Amino acid sequence: MADITDTTPLSTPQHSADGDVQWVRSAADVSRLVNHGSQGRANARIVIGIALGGIFLDAYDLGALAFGIKDITREFNLTPAGTGMVASAITFGAIVGALLGGYLTDKIGRYRVFMADMLFFVVAAIACALAPNEYALAGARFVMGLGVGIDLPVAMAFLSEFAKLKGPGNKASSVAMWCPTWYAAISISYLLVLFFYAVLPESHSDWLWRLILGFGAVPALVIIAIRSRYMSESPVWAANQGNLKEAASILRQSYNINAHVPQDALSQPAPVVNKAKWSNYLNLFRGIYLRRTTLATLLSVVSSFAYNAVAFGLPVIISSFFVQSMLTTILISLVLNLLFAFVGGLLAVRYVPRFGAWRMSLAGYACQLVALLGLALVGRPEGAEEGVVAVGMLALFLFGQGFGPGAHTMTFASLSYPTSLRGVGVGLNQTLMRSSSTLSLFLFPLLVASLDTAVFWVIALAPFIGLASLLAIRWEPSGYDVDAEDYR
């Protein structure tokens, strides 16, 4: 266990918190103040915003490569298997990174892991832009995947632990914010593709994918600079490690809660709550956590498989529906993501406190199943009327993903476990989800080559399994004080 001292970085300079003194005698007191406190928490909101940075970069890279993959395939003369290797390399790295990141997030703390993982993005983005062949490109994307995998468990921990349990900015809404952030990044990547497509001379069009992938280093450097100024350790994690004094200090700085530890509590060491260890991964399959882990895993795996197949293949799908220019493909993809996926994600943030993650996920999977069956029945559109129907089905799929499983797979993964197990819980979930992504990204070019648009019959199995899983296991994490399970 890493020691926490008074030199652990805080988000702002020292100042006096407002209100009556709140005495902190145990980790349970810290959790209660975070979950139910009514004081202003401007810095906590900043921390939540910064925590979304890694998710932004993850989505940006997927959207950028979706447009660049055809040029990469042509430049390096790739076979379908070679294309799948390049496309899926990032998820192989994320599988390794998620397992490692989940453990480190619980072992050495949220802050330390958070400050380190952006370096993977910077190095990998530059390496992608300069890659001389497909093997170097795949290797650079594997390194980027390590950063993505490490970042997700700690980002979800911050989103869960710096938000209140209920009310505006609650935990479920904060975690669901990862979804519109993802789609905003996808849309920005489309806009950048559009910009570089417009300004690059036709003779240098082969530079497009290199510029887009390399540009990912810029927001990563910005995030590093912002994190170093505003981030602080999670007060609940600090308290769980036995350092009540540091937890109280963070509450004063980030939450404006006038928290102090009484002298009698300082004179005796506070107990460590469920010390971090590799065997905690096994605890996710014991007792009350078995059903939650089963549901969260099934939802993440099938949602990832379907979304990656459709989202990564979106430009290819649109160009196959309509014999149009690259510009038309970019614009249609951008409109679909902004009007349907992004808006759906915002609705998830707005309405999850009212309807819950379970119901919204159920409705989202139903929309996706209808959309994929519609695409399978339409096949390759003949004429404008069928083309409009096909694009409408894509819009329905993305809308269902946005307000349903796209937003709430992370809700189930993050809010099914208390602070002491949250890192490994999200880490395991991400490992299995990324395994599904890897399979989806690798198989999609092969399936399209052999099945053409009949591939949608295969993809439709994913939302069907999601619906069946939700109906079999009715677990609602939204609004439930899961952190209290650490102190029972």
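Residues numbered from 1 in each chain as written. Predicted model: local features only at pLDDT ≥ 70, side-chain atom pairs only at ≥ 80, totals over all residues. Heavy atoms only, no water.

Section: the pattern of salt bridges
In step 1: Counted by the stated rule, this structure contains eight salt bridges.
In step 2: Between Arg-110 and Glu-161 there is a salt bridge, with its nearest N and O atoms 2.6 Å apart. Residue Arg-110 is found in helix 5 (residues 110–129), and its partner Glu-161 is found in helix 6 (residues 134–161); the two are separated by 51 residues along the sequence.
In step 3: In this structure Arg-110 comes out as buried when scored by relative accessible area, which is 0%.
In step 4: Owing to a relative accessible area of 0%, Glu-161 belongs among the buried residues under this scheme.
In step 5: Taken together, the shared-partner salt bridges connect Asp-106, Arg-110, Glu-161, Lys-171, Arg-422 and Asp-483 into one network. (Salt bridge = Lys/Arg side-chain N within 4 Å of Asp/Glu carboxyl O. Helix = DSSP H or I, 4+ residues; strand = E, 2+ residues; numbered from the N terminus. Buried < 20%, exposed > 50% of the residue type's maximum accessible area, 1.4 Å probe, protein only.)

A few points about the environment of Leu-165
In step 1: With respect to the secondary-structure elements, Leu-165 resides in the loop between helix 6 and helix 7 (171–176).
In step 2: Judged by its relative accessible area of 7%, Leu-165 falls in the buried class.
In step 3: Through-space distance from the C-alpha of Leu-165 to that of Ser-478 is 8.6 Å; in sequence the pair is 313 residues apart.
In step 4: The residues touching Leu-165, leaving out its near neighbours within four places in the chain, are Asn-35, His-36, Asn-170, Lys-171, Gly-479, Tyr-480 and Asp-481. (Contact = heavy atoms within 4.5 Å.)

Thoughts on unusual backbone geometry
In terms of backbone geometry, most residues other than glycine have negative phi values and most peptide bonds are trans.
In step 1: A positive phi angle is found at Asn-77, which is not glycine, with a value near 55°.
In step 2: Its place among the elements puts Asn-77 in the loop between helix 3 (53–76) and helix 4 (80–107).

Considering the side chain of Ser-436
In step 1: Tracing the backbone shows Ser-436 in helix 20 (residues 419–451).
In step 2: Not counting residues up to four positions away in its chain, the partners in contact with Ser-436 are Val-301, Ser-304 and Phe-305.

Here's the deal with helix 12 (residues 244–255)
In step 1: Along its 12 residues, helix 12 runs 15 Å from first to last C-alpha, staying within 8% of the 16 Å computed at 1.5 Å per residue.
In step 2: When you tally the buried positions in helix 12, you get 11 out of 12 residues, the bulk of the element.
In step 3: Along helix 12, the positions that sit buried rather than exposed are Leu-244, Glu-246, Ala-247, Ala-248, Ser-249, Ile-250, Leu-251, Arg-252, Gln-253, Ser-254 and Tyr-255.
In step 4: The positive-phi residue at the C-terminal boundary of helix 12 is Asn-256, with phi of around 60°. (Expected span 1.5 Å × (residues − 1).)

Comments concerning the nonpolar core
Taken as a class, soluble globular proteins show a tendency for nonpolar side chains to be buried jointly.
In step 1: Counting residues in each nonpolar core, the largest one holds 115 residues, and the members touching the most others are Met-156, Leu-251, Phe-412 and Ile-459.
In step 2: The element contributing the most residues to this core is helix 17 (residues 326–378), with 15 residues.
In step 3: If we ignore the near neighbours within four places in the chain, the residues touching Phe-412 are Leu-295, Ala-296, Leu-299, Ala-357, Trp-358, Ser-361, Leu-470, Trp-475 and Pro-477.
In step 4: By size, the runner-up hydrophobic cluster in this structure holds 11 residues, among which are Leu-78, Ala-131, Leu-137 and Trp-209. (Core = buried A, V, L, I, M, F, W, Y, C linked by side-chain atoms within 4.5 Å.)

Structural notes on the environment of Ser-303
In step 1: Mapped onto the elements of the fold, Ser-303 is located in helix 15 (residues 289–312).
In step 2: Accessibility expressed as a relative area gives 4% for Ser-303, which makes it buried.
In step 3: Once residues within four sequence positions are removed from consideration, Ser-303 is found in contact with Tyr-365, Gln-401, Pro-405, Gly-406 and Thr-409.

A word on the confidence of the model for the protein chain
In step 1: Averaged over all residues, the pLDDT of the protein chain equals 83, while 88% of them reach at least 70.
In step 2: Per-residue pLDDT, averaged within each element of the protein chain, yields its smallest value for helix 16 (residues 314–321) (60) and its largest for helix 22 (residues 461–472) (96).
In step 3: Every residue in residues 1–15 is under pLDDT 50, and counting partners more than four places away or in other chains gives 44 contacts. (pLDDT = per-residue confidence, 0-100.)

Focus: helix 18 (residues 384–403)
In step 1: In a regular helix each residue adds 1.5 Å, so 20 residues correspond to 28 Å; helix 18 covers 29 Å between its end C-alpha atoms and thus fits that length.
In step 2: Of all the residues in helix 18, the buried ones are Gly-387, Ala-390, Val-391, Met-393, Leu-394, Ala-395, Phe-397, Leu-398, Gly-400, Gln-401, Gly-402 and Phe-403.

Describing a nonpolar patch on the surface
In step 1: A surface patch of nonpolar side chains, amounting to about 480 Å² of accessible area, comprises Leu-298, Leu-451, Val-458, Leu-461, Phe-464 and Ile-465.
In step 2: With three residues, helix 22 is the single largest residue contributor to the nonpolar patch.
In step 3: With respect to the helices and strands, Leu-298 occurs in helix 15. (Patch = residues over 30% accessible without salt bridge, like charges linked within 9 Å, V, L, I, M, F, W, Y side chains within 5 Å. Areas by Shrake-Rupley, 256 points an atom, 1.4 Å probe, with all protein chains shown as cover.)

A look at the packing of aromatic side chains
Working definition: an aromatic ring pair is given by the centre-to-centre distance plus the angle between the planes.
In step 1: Applying the stated rule across the entire model yields 11 aromatic pairs.
In step 2: Arranged with centres 4.0 Å apart and planes meeting at 10°, the rings of Tyr-103 and Trp-278 form a pair that is stacked. Taken together, the residues span a long stretch of sequence, with Tyr-103 in helix 4 and Trp-278 in the loop between helix 13 (263–266) and helix 14 (280–283) at a distance of 175 residues.
In step 3: With relative accessibility at 13%, the residue Tyr-103 sits in the buried group. (Phe/Tyr/Trp six-rings, centres within 6.5 Å; stacked < 30°, edge-to-face > 60°.)

Overview of the side chain of Arg-292
In step 1: Along the chain, the position of Arg-292 falls in helix 15.
In step 2: For Arg-292, the side chain forms a polar contact with the side chain of Glu-485, separated by 2.9 Å.
In step 3: Look past the residues within four positions of Arg-292 in its chain and what remains in contact with it is Ser-416, Tyr-417, Trp-475, Tyr-480, Val-482 and Glu-485. (Polar contact = N/O pair within 3.5 Å; in protein donor to acceptor, adjacent residues only side chain to side chain.)

Remarks on the environment of Leu-467
In step 1: Tracing the chain through its elements places Leu-467 in helix 22.
In step 2: Under the relative-accessibility criterion, Leu-467 is labelled buried at 16%.
In step 3: Look past the residues within four positions of Leu-467 in its chain and what remains in contact with it is Leu-362, Tyr-365, Ala-366 and Leu-369.

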